[in-house]
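Observations on chain architecture
Below, each chain spelled out in residue letters.
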Amino acid sequence: MTGLQDHLHGLWLPLVTPFRDGALDERSLRRLTRHYSGQAVDGFILGATSGEGMTLRKAELERLVAIVRDEMAAGRRTLPICLGLSGADTSRLKERLDETADWPIDGYLIASPYYVRPSQRGLLAHFEALADHAAWPIALYNIPYRTSVNITNQTLLRLAEHRNIVGLKDCGANREQSIALLRDRPKGFRVLTGEDANYFEALTDGADGGIVLSAHVETATFAAVHAEMKRGNHDAAQAHWHEIAELTRLLFTEPSPAPAKYWLWRCGLIDSPEVRLPMVEVSRELAAALDREIERRMKVAA
């Protein structure tokens with residue numbers, strides 16, 4: 001494990017958490033880890049939104065991290081791991097940082113406090129308190145449509161000065177704000193988009209990469225978009241993007257990660273499409289649409 005800041009770029013996968021009969025499906029988790037460790041992925045996010053982290057007990061989350069790290073150690077490639085944390089109580093989050101301080105991770109992805117809607121001064125104090133306390137570096141997670149509070153650029157730039165805050169998962173859904181942040185950010189502060197449908201747009205604007213659920217599918221093509229952009233081959237990147245742009249909409253037709261889990265189940269990467277309440281599995285209508293797209297892509301690949 002090395003400095004998170006050096007690795008926070010490219011294509012990161014917010015790994016889904018497989019369940020079977022209400023429990024963590026360790027066999028499927030090992031299969032997923034082996035599969036994606038061999039793909040053009042630059043890091044894993046565990047236990048965040050796509051990983052249904054808010055439904056995971058501490059023991060499950062610890063086991064999740066241990067299995068992923070163990071499978072990578074048994075393979076040929078080790079990727080950095082960020083652990084997703086969220087909460088509306090700064091003191092409780094500091095306790096969670098203490099509880100996870102000796103886990104084999106490389107950093108945290110921490111969302112804004114939800115529901116309580118703190119002021120910008122409150123957000124600044126919250127994240128500075130966590131960064132002062134954390135044993136591992138922190139990437140911020142700005143996702144106002146889930147938390148009901150936006151971290152403004154003024155606040156983000158103040159937080160970017162903290163030695164233990166190294167980047168941002170940007171789900172602000174405001175391109176003007178994102179472009180301004182990319183222009184004004186300090187050197188070394190990483191910005192990765194978390195908006196799957198805006199992946200190409202964000203890279204065009206100068207983002208360092210993406211944390212992309214849809215990259216569970218057509219992983220190589222998502223990676224190729226970033227690689228071609230990095231080489232300056234805008235047209236080639238755009239051509240790859242056209243192959244997968246519709247996929248980013250299909251996999252978010254119903255609440256995520258249920259559609260992605262259904263896809264992975266149909267393709268044999270996990271043993272069940274199970275999600276935990278209040279999430280529910282995909283509707284029959286979406287299942288049929290996903291089946292058609294899976295079949296179409298299999299024919300193209302053949």
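Whatever comes next refers back to the structure up there.
Notes on the structure follow. Everything quoted here is computed from the prediction, not taken from an experiment.

**Here's the deal with empty space enclosed by the protein**
By rolling a water-sized probe across the atoms, one finds the places where empty space is left. Under the definition given, this model contains one cavity of 30 Å³ or more. The volume enclosed by the largest cavity comes to roughly 40 Å³. Considering the residues around the largest cavity, the lining is formed by N142, N153, L156, L168, D170, G172, N174, Q177, S178 and L181. Where the lining of the largest cavity is concerned, the elements lending two or more residues are α7 (153-159), β8 (165-170) and α8 (175-184). Among the elements that make up the lining of the largest cavity, the one with the highest residue count is α8 (three residues). Class assignment of the residues belonging to the lining of the largest cavity gives a composition of three nonpolar, six polar and one charged.

**Describing a nonpolar patch on the surface**
Nonpolar side chains collect at one region of the surface, where M54, Y114, Y115 and V116 lie side by side and expose about 500 Å² of accessible area between them. Topologically, V116 is positioned in the loop between β6 (107-111) and α5 (120-133).

**Side note on the environment of F19**
Structurally, the position occupied by F19 is in strand β2 (residues 19-20). Taking the C-alpha atoms as reference points, F19 and E274, separated by 255 residues in sequence, lie 5.7 Å from one another.

The rules we used
Residues numbered from 1 in each chain as written. Predicted model: local features only at pLDDT ≥ 70, side-chain atom pairs only at ≥ 80, totals over all residues. Heavy atoms only, no water. 1 Å grid on protein atoms, 1.4 Å probe; cavity = no way out; pocket = protein on both sides within 12 Å on 5 of 7 lines; lining within 4 Å. Points joined across faces, edges and corners; volume = space filled by probe spheres on them. Helix = DSSP H or I, 4+ residues; strand = E, 2+ residues; numbered from the N terminus. Nonpolar A, V, L, I, M, F, W, Y, C, P; charged D, E, K, R; others polar. Patch = residues over 30% accessible without salt bridge, like charges linked within 9 Å, V, L, I, M, F, W, Y side chains within 5 Å. Areas by Shrake-Rupley, 256 points an atom, 1.4 Å probe, with all protein chains shown as cover. Salt bridge = Lys/Arg side-chain N within 4 Å of Asp/Glu carboxyl O.

By themselves these figures say nothing about function.
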